[in-house]
Amino acid sequence: MPGLLWVPAAAALALVVLPVVGLVARSDLAELPSEVTSPGALAALRLSVATALVSTGLCLLLGGPLAVVLARSRVPGVRLLRAVVLLPLVLPPVVGGLALLYLLGRNGLLGSHLPGPRIPYTTAAVVVAQTFVAMPFLVVGLEGALRTAGERYEAVAATLGARPWTVFRRVTVPLVLPALGSGLVLSFARALGEFGATITFAGSLEGVTRTLPLEVYLLAETDVDGAVALSLLLVVLAVLVIAVARPRALEGVR
C-alpha cells in the first residue's frame, strides 16, 4: 500500500471522528443520565426502535424479492427500474416526505381513494417514511451479492430437478446470507436516524410520530444540553448496531 494514502485516509477519518469528539466535549457527562432518561427522550427512543424494527422487516419483505428480481431478471427496463429504486439514496429526505404526502395524503394520488383512517401524521407514516429511505440500502447490498455469486450453483440445482422455489430457498438465500445480514443492519440504522421524510410526512406528535432525531431537532432550539445528550445516544446506538450486531458481515468476512 502506498504510504501517501495515509494522508487523505487520516483526513477522512478526522472528518468522521472529530464531530463526534466535539459532541462529547460539549456534553455535560454528569447530566447525561438524567437527560437521556427523561420522559420525552424515553418515549422518542421507544418509538424510534419500534418503528425502525418494523421498517426493517418491511425492507426484508419487500426489498429482498426486489433485489432478486433486479439481479436475476432479464426483462427489458431493468436498468431503469434499478435507477428508480435507488432514487431515495440521492433524493433529499424532505423531497421524499413530500412525495409520500402527495401520494398517500388526504388529497394524494392514492390517499384520496383509500378507505379508513388517513396515513399521514400517524405512527404508520413514520414506518412508511423510514422504509422509503432505508430499503435501497438492503436492495443495493443484496443485489450486488447476488451478481457476485453468479448463477452457476442455482443452474446446477435446477438441472438436478429442483423447483425454482426450492432453488431459491436452499441455494440462493444461503449464498447471500452475509450480505442480507449487513443490509438489514444498515437499513435498521438508517431507519433509526431518519429525520427529513419523517417530519414532512408524519409530523412531530409526541408519543405518536416524534422519533429520537425529531426530539433532538426540537431540543436544539430550547435545550442544547438535552439535544447534545440525545445526539450522543443516537451515536452510541448507531455504533452498537453497526459494529456489534453484524461486524463480520459488514467487513466482508465470511
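Reading guide: rules and limits
- Residues numbered from 1 in each chain as written.
- Predicted model: local features only at pLDDT ≥ 70, side-chain atom pairs only at ≥ 80, totals over all residues.
- Heavy atoms only, no water.
- Helix = DSSP H or I, 4+ residues; strand = E, 2+ residues; numbered from the N terminus.
- Buried < 20%, exposed > 50% of the residue type's maximum accessible area, 1.4 Å probe, protein only.
- Contact = heavy atoms within 4.5 Å.
- Areas by Shrake-Rupley, 256 points an atom, 1.4 Å probe, with all protein chains shown as cover.
- Lys, Arg positive; Asp, Glu negative; His and termini not counted.
- Charge placed at Lys NZ, Arg CZ, Asp CG, Glu CD.
- 1 Å grid on protein atoms, 1.4 Å probe; cavity = no way out; pocket = protein on both sides within 12 Å on 5 of 7 lines; lining within 4 Å.
- Points joined across faces, edges and corners; volume = space filled by probe spheres on them.
- Nonpolar A, V, L, I, M, F, W, Y, C, P; charged D, E, K, R; others polar.
- Core = buried A, V, L, I, M, F, W, Y, C linked by side-chain atoms within 4.5 Å.
- Salt bridge = Lys/Arg side-chain N within 4 Å of Asp/Glu carboxyl O.
- Expected span 1.5 Å × (residues − 1).
- Phe/Tyr/Trp six-rings, centres within 6.5 Å; stacked < 30°, edge-to-face > 60°.
- Polar contact = N/O pair within 3.5 Å; in protein donor to acceptor, adjacent residues only side chain to side chain.

A.B. asks: Can you explain the overall build of the protein chain? Please cite residues and give values.
C.D. replies: Of the regular secondary structure elements, the protein chain holds 14 helices and 0 strands. Dimensions of the protein chain, computed from the C-alpha atoms along their principal axes, are close to 65 × 60 × 30 Å. In the protein chain, which comprises 254 residues, the share counted as buried stands at 39%. Residue pairs in contact within the protein chain that sit at least 24 positions apart in sequence constitute 74% of those at least 6 positions apart. Total accessible area on the protein chain stands at roughly 14200 Å², and carbon and sulfur atoms take up 72% of it. Here the protein chain carries 18 positive and 13 negative side-chain charges, and the mean point of each set is 21 Å from the other.

A.B. asks: How would you explain the layout of surface pockets if you had to name every residue and give the values?
C.D. replies: If you add up the space inside the largest pocket, you get close to 300 Å³. In terms of lining, the largest pocket is formed by 16 residues, of which the most central are Val84, Val85, Pro88, Phe132 and Met135. Elements with a contribution of two residues or more to the lining of the largest pocket: α3 (39-72), α4 (78-85), α5 (87-90), α6 (93-104) and α7 (123-149). Here the second largest pocket defines a volume of roughly 170 Å³. Residue lining of the second largest pocket: Leu60, Gly64, Pro65, Val68, Leu142, Phe168, Thr172, Val173, Val176 and Leu180, and that is the complete set. Elements with a minimum of two residues in the lining of the second largest pocket: α3 and α9 (164-175). A per-element tally of the lining of the second largest pocket places α3 first, with 4 residues. A class-by-class count of the residues in the lining of the second largest pocket yields 8 nonpolar, 2 polar and no charged.

A.B. asks: How would you summarise the nonpolar core if you had to cite specific residues and measurements?
C.D. replies: Ranked by size, the top nonpolar core spans 35 residues in total, and within it Val139, Leu142, Leu146, Leu212, Leu230 and Leu233 carry the most contacts. For this core, the secondary-structure elements that each account for two or more residues are α3, α4, α7, α10 (177-192), α12 (212-222) and α13 (224-245). Take this core: its biggest share by element is 8 residues, from α3. Excluding residues that lie within four positions of it along the chain, Leu142 makes contacts with Gly64, Ala67, Val176 and Leu180.

A.B. asks: Just give me the short version of the pattern of salt bridges, but keep the residues and values in it.
C.D. replies: The tally for this structure, following the rule as stated, stands at 8 salt bridges. With a shortest N-O distance of 2.9 Å, Asp225 and Arg26 are connected by a salt bridge. Of the two residues, Asp225 is situated in helix α13 and Arg26 in helix α1 (residues 6-26); the sequence distance between them amounts to 199 residues. Given the relative accessible area of 38%, Asp225 is considered partly exposed. Assessed through its relative accessible area of 43%, Arg26 is described here as partly exposed. Glu206 is the partner of Arg210 in a salt bridge, and the nearest nitrogen-oxygen pair spans 4.0 Å.

A.B. asks: Can you tell me about α10, naming the residues and giving the values?
C.D. replies: With 16 residues, α10 ought to run about 22 Å at 1.5 Å a step, and its terminal C-alpha atoms sit 22 Å apart, in line with that. Residues Pro178, Ala179, Leu180, Gly181, Ser182, Gly183, Val185, Ser187, Phe188, Ala191 and Leu192 constitute the buried set of α10.

A.B. asks: Now, about unusual backbone geometry: what can you tell me, with residues and values included?
C.D. replies: A positive phi is found at Tyr121, a non-glycine position, where the angle reads about 65°. Note that Tyr121 resides in the loop between α6 and α7.

A.B. asks: Now, about the packing of aromatic side chains: what can you tell me, with residues and values included?
C.D. replies: On inspection of all chains with the given rule, the structure shows 2 aromatic pairs. Ring plane angle 55° and centroid distance 5.2 Å describe the contact between Phe195 and Tyr217, whose orientation is recorded as tilted. With a gap of 22 residues between them, Phe195 in the loop between α10 and α11 (196-201) and Tyr217 in helix α12 connect regions that are remote in the sequence. Tyr217 sits in the partly exposed class, given a relative accessible area of 41%.

A.B. asks: Could you give me a rundown of the side chain of Thr200, with the residues and numbers involved?
C.D. replies: Along the chain, the position of Thr200 falls in helix α11. A residue is classified by how much of its surface remains accessible, and Thr200, at 16% relative accessible area, is buried. In terms of polar contacts, Thr200 uses its side chain to reach the backbone carbonyl oxygen of Gly196, at 2.8 Å. Beyond its immediate sequence surroundings of up to four residues, Thr200 is in contact with Val94, Gly97, Leu98, Leu101 and Tyr121.

A.B. asks: Residues and numbers for the environment of Leu104, please.
C.D. replies: As for its position among the elements, Leu104 is in helix α6. Judged by its relative accessible area of 13%, Leu104 falls in the buried class. Taking the C-alpha atoms as reference points, Leu104 and Leu114, separated by 10 residues in sequence, lie 8.3 Å from one another.

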